[in-house]
Amino acid sequence: MRTQVGIVGAGPSGLLLSQLLHLAGIESVVLERRSRAYVEGRIRAGVLEQGTVDLLDAAGVGDRLHSEGLVHGGIELAFGGRRHRIDFEDLTGGKAVMVYGQTEVTKDLNRAREAAGGAVVFEAEGVRLHDFDGAQPRLTYRADGAERELRCDFIAGCDGFHGISRRSVPAASIATFERVYPFAWLGILADTKPVSAELIYARHERGFALFSMRSPSRSRLYIQCSPDEQLDDWPDERIWDELRLRLDAEAAARLETGPSIEKSVTPMRSFVAEPMRFGRLFLAGDAAHIVPPTGAKGLNLAAADVRYLSRALIAHYKEGRDDLLDAYSETCLRRIWKAQRFSWWMTSLLHRFPEESGFGGRVQLAELDYVTSSRAAARTLAENYVGLPFE
Ligand code: RFL
Ligand code: PHB
């Protein structure tokens, strides 16, 4: 089989890239290791920047997003027993974010690819990348019990942090930068009414807690836990009890409990691989970088990479220009490092660091006090949270 762009991974990055290329008349084939049901069932991100919403609109998958998504004009920071609102609309000249689950984004994209007759091979086993340092890269894999080969002009490695694409690059050609945090997030999804109209990021002596939502009747909450926490030790009731202790009194009083639909433990890591281009292989999304989820940046960064990569590939095929492909890595990395800085900062501001003495905790409280009392500091948070402008 032959195509123009071979895409590894049918997460948001791979599907969105394939859809944007299709709209520009460029062919692609997506190879995904898992089944469609598995990919659509993964519970992950919930917050979309305006730039991500605009890109999904451009991809023709914005309808359900606009009818079901919730526009949020701010977030709340809870500490010292009180809640303080960061008003994005006021601080950024009218910007907001959209609360809409990544699972829904993935479903919308899968449907659009299907309607357009797009080739997405689910349950593609043993994907291998070949010859991307030359002019004719290839992907090999097994599907329906047979060995297959996909020849292409370019490979897009959209296969997430544990994927094969980044690992296919010779170690001497890639540099990685990493920070692993001494804690994780335990998440619970339940059909309970949100305790507040906006997200609450809570700093507490017992550890961080986050109240988020997916719809007016579905809540998503997280508590900081240890990286080796066993889910079996956390029956639903224990999670609700812990949330009640960590959220502010008003939210705790309104907390509705109910059976969990999903529970998971997510380790926290900051990671960047440089560069993001190796000959005819381009990495995008979590394949190239991971942020701790505190800043809600992971999915948005993945969308930003895809925006730059789709434009660069379209310029190559339609205008015969390669300057955008040549600039891809550098352009993406400038945005990525700013999002890394913001995600690290939000994480440092709000979590309990087990090895910290009392000093670190006092500095956090001073910084939270500053962020919620200085317009300059609040603007910095708001500007980053809603998403920095594109180059
Ligand atoms: P994905 O979603 O990991 O998709 C990669 C796909 O590649 C497949 N794959 C392979 N396919 C073929 N061959 C192989 N060898 C393969 N290896 C892997 C995988 O099965 C998968 O389908 O990467 P992508 O597309 O780059 O998307 C990135 C986002 O998923 C991620 O950044 C976000 O979920 C991060 N994130 C958040 N981001 C936000 O912007 N806002 C948020 O509010 C937010 N909250 C979160 C998050 C991530 C979380 N977890 C679970 C890590 C909250 C959590 C708890
Ligand atoms: C979520 O709703 O899953 C969510 C929201 C905000 C974050 C992280 C996760 O910072």
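Let us look at the structure shown here. (Residues numbered from 1 in each chain as written. Chains lettered and ligands numbered in written order. Predicted model: local features only at pLDDT ≥ 70, side-chain atom pairs only at ≥ 80, totals over all residues. Heavy atoms only, no water.)

## Some details on the sheet that holds strand S4 (residues 70-72)
Thought 1: On the basis of which strands lie adjacent, the open sheet formed by 3 strands has the order S3-S7-S4 and antiparallel pairing. Since the sheet does not close on itself, it has two edges, and those belong to strand S3 (47-48) and S4, each with one partner.
Thought 2: The pairing of S4 with strand S7 (residues 97-99) spans 3 bridges and is antiparallel. Following the sheet pairing, His72 is matched in S7 by Val97. (Pairing = 2+ DSSP bridges. Helix = DSSP H or I, 4+ residues; strand = E, 2+ residues; numbered from the N terminus.)

## A look at the pattern of salt bridges
Thought 1: Evaluation of the coordinates by the stated rule reveals 34 salt bridges.
Thought 2: Of the charged contacts in the structure, one is a salt bridge between Arg2 and Asp153, with a shortest N-O distance of 2.5 Å. Residue Arg2 is located in the segment before strand S1 (5-8), and its partner Asp153 is located in the loop between strand S11 (146-151) and strand S12 (154-157); the two are separated by 151 residues in the primary sequence.
Thought 3: With relative accessibility at 43%, the residue Arg2 sits in the partly exposed group.
Thought 4: For Asp131, the salt bridge identified is with Arg138, shortest N-O distance 3.3 Å.
Thought 5: Three or more residues joined by partner-sharing salt bridges are found here, namely Arg64, Glu68, Glu104, Lys107 and Asp108. (Salt bridge = Lys/Arg side-chain N within 4 Å of Asp/Glu carboxyl O. Buried < 20%, exposed > 50% of the residue type's maximum accessible area, 1.4 Å probe, protein only.)

## Structural notes on the site of ligand 1
Thought 1: The environment of ligand 1 is made up of 32 residues, and the closest members are Ser13, Glu32, Gln102, Asp286 and Leu299.
Thought 2: The side chain of Arg44 places a nitrogen or oxygen atom 3.0 Å from an oxygen atom of ligand 1.
Thought 3: For ligand 1, an oxygen atom lies 2.7 Å from a polar atom in the side chain of Gln102.
Thought 4: Surface burial for ligand 1 is 89%, taken as the share of its 1,000 Å² of free accessible area covered by protein chains.
Thought 5: Those elements giving two or more residues to the shell around ligand 1 turn out to be helix H1 (12-23) and helix H9 (298-319). (Near = heavy atom within 4 Å. Polar contact = N/O pair within 3.5 Å; in protein donor to acceptor, adjacent residues only side chain to side chain. Areas by Shrake-Rupley, 256 points an atom, 1.4 Å probe, with all protein chains shown as cover.)

## Overview of the pairing of strand S6 (residues 82-87)
Thought 1: As defined by bridge partners, strand S5 (residues 74-79) adjoins S6 across 6 bridges and the pair is classed as antiparallel. By the bridge assignment, Phe79 is partnered in S6 with Arg82.
Thought 2: With antiparallel pairing between neighbouring strands as the criterion, S5 and S6 make up a hairpin whose turn holds 2 residues, including Gly80 at a positive phi of roughly 55°.

## Structural notes on the packing of H1 against helix H6 (residues 102-115)
Thought 1: Two elements in contact, H1 and H6, have axes separated by 10 Å at closest approach and are oriented at 35°. Crossing of H1 over H6 shows left-handed handedness. Each of Pro12, Leu15, Leu16, Ser18, Gln19 and His22 in H1 lies in contact with H6, whose residues at this interface are Gln102, Thr106, Leu109, Asn110, Ala112 and Arg113.
Thought 2: Of the residues assigned to the contact of H1 with H6, the class counts are 5 nonpolar, 6 polar and 1 charged. (Axes fitted to C-alpha atoms, helices over the stretch in contact; angles between N-to-C directions. Left-handed = near helix turned anticlockwise from the far one by under 90°. Contact = heavy atoms within 4.5 Å. Nonpolar A, V, L, I, M, F, W, Y, C, P; charged D, E, K, R; others polar.)

## A closer look at the environment of Ala156
Thought 1: Inspection of the secondary structure puts Ala156 in strand S12.
Thought 2: Sequence spacing of Ala156 and Val306 is 150 residues, and the spatial spacing of their C-alpha atoms is 9.7 Å.
Thought 3: Those residues in contact with Ala156 that lie beyond four places of it in its chain are Val5, Gly6, Ile7, Val8, Leu17, Phe282 and Leu309.

## Observations regarding the nonpolar core
Thought 1: Ranked by internal contacts, the top residues of the largest apolar core, which has 69 residues, are Leu16, Leu17, Leu31, Leu48 and Leu309.
Thought 2: Here this core gets 8 residues from one element, more than from any other, and that element is H9.
Thought 3: Leaving out residues up to four positions away in the same chain, Leu16 has contacts with Leu55, Leu56, Ala59, Leu109, Ala303 and Val306.
Thought 4: Among the nonpolar cores identified, the runner-up in size contains 55 residues, and Leu70, Ile188, Ala190 and Leu221 belong to it. (Core = buried A, V, L, I, M, F, W, Y, C linked by side-chain atoms within 4.5 Å.)

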